[in-house]
Amino acid sequence: MSDMTGKINLLGLTLQEMEKFFESIGEKRFRAGQVMKWIHHYGVDDFAAMTNVGKALREKLEAVAEIRGPEVVSEDISADGTRKWVVRVASGSCVETVYIPTDDRGTLCVSSQAGCALDCSFCSTGKQGFNSNLTAAEVIGQVWLANKSFGTVPAKIDRAITNVVMMGMGEPLLNFDNVIAAMKIMMEDLGYGISKRRVTLSTSGVVPMIDELAKHIDVSLALSLHAPNDELRNKLVPINKKYPLKMLLESCMGYMSTLGGKRVLTIEYTLLKDVNDQPEHAAQMIELLRDVPCKINLIPFNPFPHSGYERPSNNAIRRFQDLLHHGGFNVTTRTTRGDDIDAACGQLVGQVNDRTRRSERYIAVRQLSADADLQDSAAQH
């Protein structure tokens, strides 16, 4: 929680952690709520501005603590109103946060890691390799920064951010403790007061941590499925080799059973031309999910350089959606937003100081493939 300055960054503390912090410096627990409101309701990062906190305590806080969000490197606004922030985290890498406005909501897509360790074949973030987990302060700091940028402080003003999805860079369940802490602050009344139905964690399928999730939190769950059978999913989402579909869906159903009410699992499915978008794939998906209460979100592939994949035609997308709909499922197709600022789903890259050297190897393989294609073309002529 403390950095090289030795000061504790209060931005990433849950209410319970904040109460323990104040007790540790000989103060009353109620101070935690006061300071949390200043940080998250009012966007304050200066203890001197906390007018209902005594001067002696403000000075004490100044000596041992800080309120520090990630550094904003850039902010871009798309023609469709989508916003993307690039923020630098402590490891030196940059991650991306995206805000997507629609008629009735404003959704913030938050990153959990600098890069991603999972290397899903169609995701540009995965091709960047992996550098580091974000701290709780760096995760919630993305909400804090975005909230302040809209001027939606103080709290009495209607907030621009109504929903948060952990669908940015990284696999949230591989940064479990920090992501749980940040999501608790999102839902905390003294934090952002967002309904548990409107905070969604998206996973590629880290089964042991899905099983652990219900012990800590009751947010909505989204599964990045992307393939209706193990053979194809092994290629697209390599973690499937470790946690195959039957095991994964049982785990997701186990978590959802703890939530009660009418909440259902969200299935995310990126459509790749001629790879997973055929009628037989829809039929397999209908069979796979027959006993899984869920809604399906189809995501047409958003191209990035050297991916090797293409976006299906609009006709193919509609056909796939219609087949699932006739199979009895609630299906929506996600409208591509923010692609003019590279903020569309699957396009988030940031600037990752890749410890795995995956991006280097990926580019080399793609270059070899391109060279081979050129040689084949030359030989044919």
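Residues numbered from 1 in each chain as written. Predicted model: local features only at pLDDT ≥ 70, side-chain atom pairs only at ≥ 80, totals over all residues. Heavy atoms only, no water.

Strand order in the open sheet formed by 10 strands is 3-4-5-6-9-10-11-12-13-14, with mixed pairing between adjacent strands. Across the chains shown, the open sheet's two edge strands, defined by having one partner strand only, are strand 3 (71-77) and strand 14 (330-333). Between one strand axis and the next, the sheet turns through 20° on average, direction left out of account. By the bridge criterion, three bridges tie strand 11 (residues 220-224) to strand 12 (residues 265-271) in an arrangement that is parallel. Directly across from leucine 223, in strand 12, lies its bridge partner isoleucine 267. (Pairing = 2+ DSSP bridges. Helix = DSSP H or I, 4+ residues; strand = E, 2+ residues; numbered from the N terminus. Axes fitted to C-alpha atoms, helices over the stretch in contact; angles between N-to-C directions.)

Since there are 3.6 residues in each turn of an α-helix, residues three or four apart along the chain are aligned in direction. When the terminal C-alpha atoms of helix 4 (residues 136-149) are compared, their 20 Å separation across 14 residues agrees well with the 20 Å that a helix rising 1.5 Å per residue should span. At glutamine 142, helix 4 shows its maximal kink, close to 25°. Burial analysis of helix 4 places 12 of its 14 residues in the buried class, which makes it a mostly covered element. Looking at helix 4, one finds that the buried residues are Ala136, Ala137, Glu138, Val139, Ile140, Gly141, Gln142, Val143, Trp144, Leu145, Ala146 and Asn147. Positive backbone phi, at 70°, marks glycine 151, one or two positions downstream of helix 4. (Expected span 1.5 Å × (residues − 1). Bend = angle between axes of the 7 residues up to and from the residue. Buried < 20%, exposed > 50% of the residue type's maximum accessible area, 1.4 Å probe, protein only.)

This part takes up the UniProt feature "binding site: S-adenosyl-L-methionine" (unreviewed entry) in the chain. What UniProt calls "binding site: S-adenosyl-L-methionine" (unreviewed entry) maps, in this numbering, to Gly170, Glu171, Ser202, Ser224, Leu225, His226 and Asn302. Given the relative accessible area of 17%, glycine 170 is considered buried. Here serine 224 lies in strand 11. Relative accessible area serves as the criterion here: at 10%, serine 224 is assigned to the buried category. If near-sequence neighbours (up to four positions away) are discounted, serine 224 is found in contact with Ser202, Thr203, Ser204, Arg233 and Glu268. Separated by 3.4 Å, the side chains of serine 224 and serine 202 make a polar contact. (UniProt positions renumbered as here; feature names shortened; annotations may be inferred. Contact = heavy atoms within 4.5 Å. Polar contact = N/O pair within 3.5 Å; in protein donor to acceptor, adjacent residues only side chain to side chain.)

Interaxial distance between helix 9 (residues 279-288) and helix 10 (residues 314-326) falls to 9 Å at its minimum, and their mutual angle equals 30°. Taken together, the axes of helix 9 and helix 10 lie roughly parallel to each other. You can see that helix 9 and helix 10 cross each other, and the crossing is right-handed. Where helix 9 approaches helix 10, its residues Pro279, His281, Ala282, Met285 and Ile286 are matched on the opposing element by Arg319, Phe320, Leu323 and Leu324. (Parallel < 35°, antiparallel > 145°, perpendicular 65-115°, else oblique. Left-handed = near helix turned anticlockwise from the far one by under 90°.)

A few words on helix 5 (residues 176-187). For helix 5, built from 12 residues, the straight-helix expectation of 16 Å at 1.5 Å per residue is met to within 8% by its first-to-last C-alpha distance of 17 Å. Among the 12 residues of helix 5, nine are classified as buried, and the element is accordingly described as predominantly covered. Inspection of helix 5 places Phe176, Val179, Ile180, Ala181, Ala182, Met183, Ile185, Met186 and Met187 among the buried residues, and these make up the whole buried set. Buried-residue contacts for helix 5 involve helix 2 (30-41), helix 4, strand 9 (163-166), strand 10 (199-203) and helix 6 (207-213).

For the structure on display, the rule yields 15 salt bridges. Taking the shortest distance from any N to any O, the salt bridge between glutamate 212 and lysine 215 comes out at 3.1 Å. We classify lysine 215 as exposed; its relative accessible area is 64%. Between glutamate 310 and lysine 273 there is a salt bridge; the shortest N-O distance is 3.6 Å. Of this pair, glutamate 310 sits in the loop between strand 13 (294-300) and helix 10 while lysine 273 sits in the loop between strand 12 and helix 9, and the two are 37 residues apart along the sequence. (Salt bridge = Lys/Arg side-chain N within 4 Å of Asp/Glu carboxyl O.)

Before going further, it helps to spend a moment on the environment of asparagine 314. With respect to the helices and strands, asparagine 314 occurs in helix 10. With 14 residues separating them in the primary sequence, asparagine 314 and proline 300 have C-alpha atoms 9.0 Å apart.

Residues other than glycine seldom take positive phi values, yet histidine 226 does so here, at roughly 70°. Positive phi values are uncommon outside glycine, yet aspartate 274 reaches one of about 65°. Structurally, aspartate 274 is set in the loop between strand 12 and helix 9.

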